[in-house]
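# Report on the structure
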Amino acid sequence: MSDATAHPPSYTRTAKGLHWLMAVLILGLLVLGLYMHELPLSPRKLQLYAWHKWAGVTVFALVWLRLAWRLSHPAPPLSEALSPLNRRAAHAGHILLYVLMVAIPLSGWLMSSAKGFQTVWFGVLPIPDLLARDPALGEFLAGVHQLLNLSLMATLLGHVGAALWHHFIHHDDTLRRMR
C-alpha cells in the first residue's frame, strides 16, 4: 500500500480549524438570525442583534484569513473517481460558498449602516458605517441580506449533502480530508 493510499491527501490543520470554526459560527448566525428576526422589539432582541453583528464581523474577518490561507496552501486534489461534471460542481459550490461568506456580512454591514445602527464590535471597536442613513435603502438591503442567507442555506445543504453522499454512498476520502 502506497503512502498516498494509506494517508489520502488532506487539508492542513489550519484549513480544517478555520473550516470548522466558520461552520459553527455560520450555523449559529443562521439560527440566531432566524430566531431574533421574529422577536418583538425589546432589550433582549437588541442584545441578540448586537451578538449577531459581532459574530458576522468575526466571520467577515475570518473569511479573508481563510482565503489568504487557501491561496497560499492549495486544497488537496479531488478524488480521481469524480466525473468532470462533479469536479466542476464541487469547484462552483466552493466558489459560491466563499462569495456568500463575503457578501452576507457585507450586506449586513451595509444594511446596518443604511438603517442608522452602527456596529460596535464586541461593544468596544466601532466599525465605520459604509453608507449614510437611508431607511428605504436599509429595507432593500434587509431583503438582499435575507436572500443571500437563503442562498447560503441552500448551498450549505448541497455542500453537506455532497460530503455525506461521498462518505456513505461512494465510500471515498472526501469527508475524511476535512476531519
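Residues numbered from 1 in each chain as written. Predicted model: local features only at pLDDT ≥ 70, side-chain atom pairs only at ≥ 80, totals over all residues. Heavy atoms only, no water.

Further remarks concern the pattern of salt bridges. Overall, the coordinates contain one salt bridge when judged by the stated rule. Between K115 and E139 there is a salt bridge; the shortest N-O distance is 3.2 Å. Of this pair, K115 sits in helix α4 (residues 84–115) while E139 sits in helix α5 (residues 135–170); the two residues are 24 residues apart in sequence, bridging distant segments of the chain. The partly exposed category is assigned to K115, whose relative accessible area is 25%. (Salt bridge = Lys/Arg side-chain N within 4 Å of Asp/Glu carboxyl O. Helix = DSSP H or I, 4+ residues; strand = E, 2+ residues; numbered from the N terminus. Buried < 20%, exposed > 50% of the residue type's maximum accessible area, 1.4 Å probe, protein only.)

Structurally, S107 can be placed in helix α4. Among the polar contacts made by the side chain of S107, one reaches the main-chain carbonyl oxygen of I104 at a distance of 2.8 Å. Apart from the residues lying within four places of it in its own chain, the contact partners of S107 are V144, H145 and L148. (Polar contact = N/O pair within 3.5 Å; in protein donor to acceptor, adjacent residues only side chain to side chain. Contact = heavy atoms within 4.5 Å.)

Before going further, it helps to spend a moment on a nonpolar patch on the surface. On the surface, V160, L164, W165, F168 and I169 cluster together into a nonpolar patch covering about 490 Å² of accessible area. Relative to the elements of secondary structure, L164 occurs in helix α5. A residue is classified by how much of its surface remains accessible, and L164, at 39% relative accessible area, is partly exposed. (Patch = residues over 30% accessible without salt bridge, like charges linked within 9 Å, V, L, I, M, F, W, Y side chains within 5 Å. Areas by Shrake-Rupley, 256 points an atom, 1.4 Å probe, with all protein chains shown as cover.)

Moving on to the side chain of S112. Relative to the assigned elements, S112 resides in helix α4. Other than its neighbours up to four places away in sequence, S112 contacts K53, F117 and T119.

It is worth spelling out unusual backbone geometry at this point. Positioned with a positive phi, F122 is a non-glycine residue whose angle comes to about 55 degrees. With respect to the secondary-structure elements, F122 resides in the loop between β1 (119–121) and β2 (125–127).

Glancing now at α5. Given a rise of 1.5 Å per residue, 36 residues ought to cover 52 Å, and the 51 Å separating the end C-alpha atoms of α5 matches this to within 8%. Listed in full, the buried residues belonging to α5 are G138, L141, H145, L148, N149, L152, T155, A163, H166 and H167. Contact partners of the buried residues in α5: α2 (13–37), α3 (43–72) and α4. Remark: H171 follows α5 within two positions and exhibits a positive phi of approximately 55 degrees. (Expected span 1.5 Å × (residues − 1).)

Turning next to the environment of S113. Along the chain, S113 falls in helix α4. Spatially, the C-alpha atom of S113 lies 48 Å from that of A81, the residues being 32 residues apart in sequence. The residues contacting S113, other than those within four sequence positions of it, are D129, L130, L131, A132 and R133.

In terms of nonpolar packing, the biggest core is built from 18 residues, with M22, I26, V63, M101 and L152 touching the most fellow members. Secondary-structure elements contributing two or more residues to this core are α2, α3, α4 and α5. With six residues, the single largest contributor to this core is α4. Beyond its immediate sequence surroundings of up to four residues, M101 is in contact with M22, I26, V59, V63 and R66. (Core = buried A, V, L, I, M, F, W, Y, C linked by side-chain atoms within 4.5 Å.)

Where α2 meets α3, the axes come as close as 9 Å, and the angle between the chain directions of the two elements is 155 degrees. Considered as vectors, α2 and α3 are oriented roughly antiparallel to each other. In the packing of α2 onto α3, the handedness of the crossing is left-handed. Its residues placed into classes, the contact of α2 with α3 shows 19 nonpolar, seven polar and two charged. (Axes fitted to C-alpha atoms, helices over the stretch in contact; angles between N-to-C directions. Parallel < 35°, antiparallel > 145°, perpendicular 65-115°, else oblique. Left-handed = near helix turned anticlockwise from the far one by under 90°. Nonpolar A, V, L, I, M, F, W, Y, C, P; charged D, E, K, R; others polar.)

Glancing now at the packing of α3 against α4. Orientation of α3 relative to α4, taken along the N-to-C sense of each, is 145 degrees, at an axis distance of 9 Å. Here α3 runs over α4; the crossing is left-handed. In this structure, α3 contributes K53, G56, V59, F60, V63, W64, R66, L67 and R70 to the contact, and α4 contributes Y98, M101, V102, P105, L106, W109 and S112. Looking at side-chain class alone, the contact of α3 with α4 contains 11 nonpolar, two polar and three charged residues.

Nothing here speaks to function; it is all geometry.
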